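Each chain, letter by letter, is given below.
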Amino acid sequence: MKKKVLLYKRIPEQPLQRLKNLFEVSFFDGINESNKSAFLDALAEAEGLIGASTNMSSDILGQAPRLKAASTISVGTDQYDLPYLSSRNIPLMHTANVLNDTTADTIFALIMCTARRAVELANMVKEGRWNRSIDETLFGIDVHGKTLGIIGMGRIGYALAKRAHLGFDMPIQYCNRNQREDAERDFNASYVDMESLLKTSDFICVLTPLTEETKGLVGENEFAMMKNSAIFINASRGKVIDEAALINALSQGVIRAAGLDVFEIEPLPADSPLRNLDNAVLFPHIGSATTETRLKMVNCAIDNLVHALDGDISKNCANKKQLNTTKQ
Ligand code: DGY
């Protein structure tokens, strides 16, 4: 008999068929008022969960008594109450590795767009406001040769450092829980403390996961330490920074510009002051959003679920160290 799996995000037809061949699938496109009761009925039966972009609190997960494994179609695990899952010895699988290069590409797009004012100037052309040749009031700044500071040198940080150092001759400095010998060897990256990174980088990119320790990691004090010419990039999670402090820093000229792919509240509320700032480039959380990579992520999440339900959490398990299991 096939195991029961609840899919809570729309996925392309081909992986959907694959999932249906493997499991008995109940599908819901997120949770809302109209489907909540049917969702909870399916959850009560589910042995596996797979999806993304929905908050899986302990209240919701508590209504899944038969749950054996959860698989998020993302590298970030912050949608799940991980301590709660661990307390029930349930693995949370995630799509580590498959999106590193695509996300690093997106971050580089934010770096280029902010430095060269690409969105602001492209809009000027489209809106018929290009009336004279561009002068210094609209000039951007160079990216090549500038110092890039990376806060959180994980897999995506490494892919970003590669682009920046090999492609744009950028000196790289980073802070991280552990020193990364590979980044130091391959890209001559320097391991520095956060204060010196903030004070001396031209571009500062946050790439830490959202945890209790990283919530609000960059706030008023940190923005105040940055150069007035600094460009700040966030492609991790909105809550890793204090968004109000960033808005203040951008509007008061404490820093030059910011490129953001993530926000405290997503989608960005209509009244967010960020929308009125020319020096803020805003992307709608598209770090990994290419056809190729999203397909790889879905297939990776399906593989992860198959393995986890089979008791194999050797690869891509976010809470492996917290679990008590013999077959790892
Ligand atoms: C991820 O994989 O965590 C991306 O941010 C998409 O949510």
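Up top is the structure these notes are about.
Residues numbered from 1 in each chain as written. Predicted model: local features only at pLDDT ≥ 70, side-chain atom pairs only at ≥ 80, totals over all residues. Heavy atoms only, no water.

Caption draft 1: Region of the structure containing the site of the ligand. Around the ligand, a shell composed of S74, V75, G76, L99, R237, H285 and M297 is seen. With respect to the ligand, the backbone of G76 contributes an N or O atom lying 2.8 Å from an oxygen atom. Between the ligand and H285 there is a distance of 2.8 Å, counted from an oxygen atom to a side-chain nitrogen or oxygen. Contact with the protein chains removes 80% of the 230 Å² of surface that the ligand exposes when unbound. For the shell around the ligand, the class distribution of residues is 3 nonpolar, 3 polar and 1 charged. (Near = heavy atom within 4 Å. Polar contact = N/O pair within 3.5 Å; in protein donor to acceptor, adjacent residues only side chain to side chain. Areas by Shrake-Rupley, 256 points an atom, 1.4 Å probe, with all protein chains shown as cover. Nonpolar A, V, L, I, M, F, W, Y, C, P; charged D, E, K, R; others polar.)

Caption draft 2: Broad picture of the packing of aromatic side chains. According to the stated counting rule, one finds 5 aromatic pairs in the structure shown. When the ring of F108 is compared with that of F168, the centres are 4.6 Å apart and the planes differ by 35°; the resulting orientation is tilted. Taken as a pair, F108 in helix α5 (residues 100-116) and F168 in helix α7 (residues 155-168) lie far apart in primary sequence, 60 residues in all. Overall, F168 belongs to the partly exposed group, its relative accessible area being 26%. (Phe/Tyr/Trp six-rings, centres within 6.5 Å; stacked < 30°, edge-to-face > 60°. Helix = DSSP H or I, 4+ residues; strand = E, 2+ residues; numbered from the N terminus. Buried < 20%, exposed > 50% of the residue type's maximum accessible area, 1.4 Å probe, protein only.)

Caption draft 3: Just a nonpolar patch on the surface, in detail. There is a patch of nonpolar side chains on the surface, built from V125, W130, I134 and F139 and spanning about 410 Å² of accessible area. The topology assignment puts F139 in the loop between α6 (118-126) and β6 (148-151). (Patch = residues over 30% accessible without salt bridge, like charges linked within 9 Å, V, L, I, M, F, W, Y side chains within 5 Å. Salt bridge = Lys/Arg side-chain N within 4 Å of Asp/Glu carboxyl O.)

Caption draft 4: Local environment of α7. Helix length check: α7 (14 residues) gives 19 Å between terminal C-alpha atoms against 20 Å at 1.5 Å per residue, within 8%. On its buried face, α7 sits against α5, β6, β7 (172-175), α8 (181-187) and β9 (203-206). Immediately downstream of α7, the backbone of D169 shows phi near 50°, a positive value. (Expected span 1.5 Å × (residues − 1). Contact = heavy atoms within 4.5 Å.)

Caption draft 5: Focus on the layout of surface pockets. Approximately 260 Å³ is the volume found for the second largest pocket. Along the walls of the second largest pocket sit V119, E120, N123, L274, R275, N276, L277, D278, A280, V281, L282 and F283, which together make up its complete lining. Counting only elements with at least two residues in the lining of the second largest pocket, the list comes to α6 and β12 (280-282). In the lining of the second largest pocket, the residues fall into 7 nonpolar, 2 polar and 3 charged. (1 Å grid on protein atoms, 1.4 Å probe; cavity = no way out; pocket = protein on both sides within 12 Å on 5 of 7 lines; lining within 4 Å. Points joined across faces, edges and corners; volume = space filled by probe spheres on them.)

Caption draft 6: Structural context of the sheet that holds β12. Spatial ordering of the open sheet is given by β8-β7-β6-β9-β10-β11-β12, a layout of 7 strands whose pairing is parallel. Only two strands of the sheet have a single partner each, and these edge strands are β8 (190-191) and β12. Along the sheet face, α7 touches β6, β7 and β9 and points at about 175° away from the line of β6. (Pairing = 2+ DSSP bridges. Axes fitted to C-alpha atoms, helices over the stretch in contact; angles between N-to-C directions.)

Caption draft 7: Region of the structure containing the sheet that holds strand β3 (residues 48-51). The strand order across the open sheet built from 5 strands is β2-β1-β3-β4-β5, with neighbouring strands paired in parallel fashion. This sheet does not close on itself; its edge strands, each paired only once, are β2 (24-27) and β5 (92-93). Pairing between β3 and strand β4 (residues 69-72): 4 bridges, direction parallel. By the bridge assignment for β4, I50 is matched with S71. Where helix α2 (residues 36-45) meets the sheet, it contacts β1 (4-7), β2 and β3, and its direction lies at approximately 145° from that of β1. In the packing of helix α12 (residues 291-309) onto the sheet, the strands contacted are β1, β3, β4 and β5, and the crossing angle to β4 comes to about 165°.

Caption draft 8: Region of interest: the pairing of β1. Examined bridge by bridge, β1 and β2 share 4 bridges and lie parallel to one another. Each residue of the ladder has a partner; that of L6, found in β2, is S26. This β-α-β element, β1 to helix α1 (residues 13-22) to β2, shows right-handed connectivity. Note that β1 and β3 share 3 bridges and pair parallel. Across the sheet, residue L7 finds its bridge partner in β3, namely I50. (Right-handed = clockwise from strand over helix to strand, strands pointing away.)

Caption draft 9: Highlighting unusual backbone geometry. A cis geometry characterises the amide bond from E266 onward to P267, with omega recorded as -10°. Look at N97: it is not a glycine, yet its phi comes out positive at around 85°. Here N97 falls in the partly exposed class, since its relative accessible area comes to 45%. Backbone geometry at R117 places phi at a positive 55°, although glycine is not the residue there. Among the structural elements, R117 can be located in the loop between α5 and α6.

Caption draft 10: Local environment of the pattern of salt bridges. Tallied over the entire structure, the rule returns 15 salt bridges. Between D78 and R237 there is a salt bridge, with its nearest N and O atoms 2.9 Å apart. Of this pair, D78 sits in the loop between β4 and α4 (82-87) while R237 is found in the loop between β10 (231-234) and α11 (243-251), placing the two residues 159 residues apart along the sequence. R129 is paired through a salt bridge with E127; the nearest N and O atoms lie 2.8 Å apart. Salt bridges sharing common partners tie together K4, E45 and R66.

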